[in-house]
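Residues per chain, in single letters:
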Amino acid sequence: MIHLQDSTVYVAIFGILASLIVFLMTRHFFSKNGKTDYRKKLEIANNEMLYSIRPLLVEKKVPSKEILMAVRFSTAKKYGVEQNDLYDEFSLTSDLINETIANSFLTSDQKLEFCNLLQSIK
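Residues numbered from 1 in each chain as written. Predicted model: local features only at pLDDT ≥ 70, side-chain atom pairs only at ≥ 80, totals over all residues. Heavy atoms only, no water.

A few points about the pattern of salt bridges
Put simply, the rule reads: The salt bridge definition used is simple: a Lys or Arg side-chain nitrogen within 4 Å of an Asp or Glu carboxyl oxygen. We count a stretch as a helix when DSSP gives it H or I for four or more residues in a row; a strand needs E for two or more, and each element gets its number in order from the N terminus. Exposure categories follow from relative accessible area, calculated using a 1.4 Å probe and restricted to protein chains: below 20% of the type maximum is buried, above 50% is exposed, and the middle band is partly exposed.
Tallied over the entire structure, the rule returns three salt bridges. Linking Glu 48 and Lys 78 is a salt bridge whose minimum nitrogen-to-oxygen distance equals 3.2 Å. Remark: Lys 78 occurs in helix α2 (residues 65-79) and Glu 48 occurs in helix α1 (residues 2-58); sequence separation between them is 30 residues. Classification of Glu 48 as partly exposed rests on a relative accessible area of 25%. The exposure class of Lys 78 is exposed, given its relative accessible area of 56%. A salt bridge links Glu 113 to Lys 60, with the nearest nitrogen and oxygen atoms 2.9 Å apart. Of this pair, Glu 113 sits in helix α4 (residues 108-119) while Lys 60 sits in the loop between α1 and α2, and the two are 53 residues apart along the sequence. A relative accessible area of 38% means that Glu 113 is categorised as partly exposed. For Lys 60, a relative accessible area of 45% gives the class partly exposed.

Now the structure itself:
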């Protein structure tokens, strides 16, 4: 009878360890999946910020820092991301400058004009 109790204890300990390993592996897998979803949301939110600012630049208007902060706050709330994770003024203007320089439909003078306009936001 004592031999049967010992094997039951071993089986119970093995079962607890196996379920702990499965729990840790599952948690690790789902935490990576959650981070990937968050990064996708963040990318979409940053792109929306770029798309909302771009039409102003075409008309050679520069949004104030307060307007940029409001757009940032609203976009973060809309997509459920942290406001600090979104583009700041420097990143936003850098990406817009990069898009402007890469645009083959603008002349060199137009590109420089838009870039100088974007520099005033920084």
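From this point, the narrative continues.
Digging into the UniProt feature "transmembrane region" (unreviewed entry) in the protein
Note the following rule: UniProt positions are given in the numbering used here, feature names are shortened, and annotations may be inferred rather than shown by experiment.
What UniProt calls "transmembrane region" (unreviewed entry) maps, in this numbering, to residues 12-30. End-to-end, the C-alpha atoms of residues 12-30 are 27 Å apart, and along that stretch the chain is 100% helix and 0% strand.

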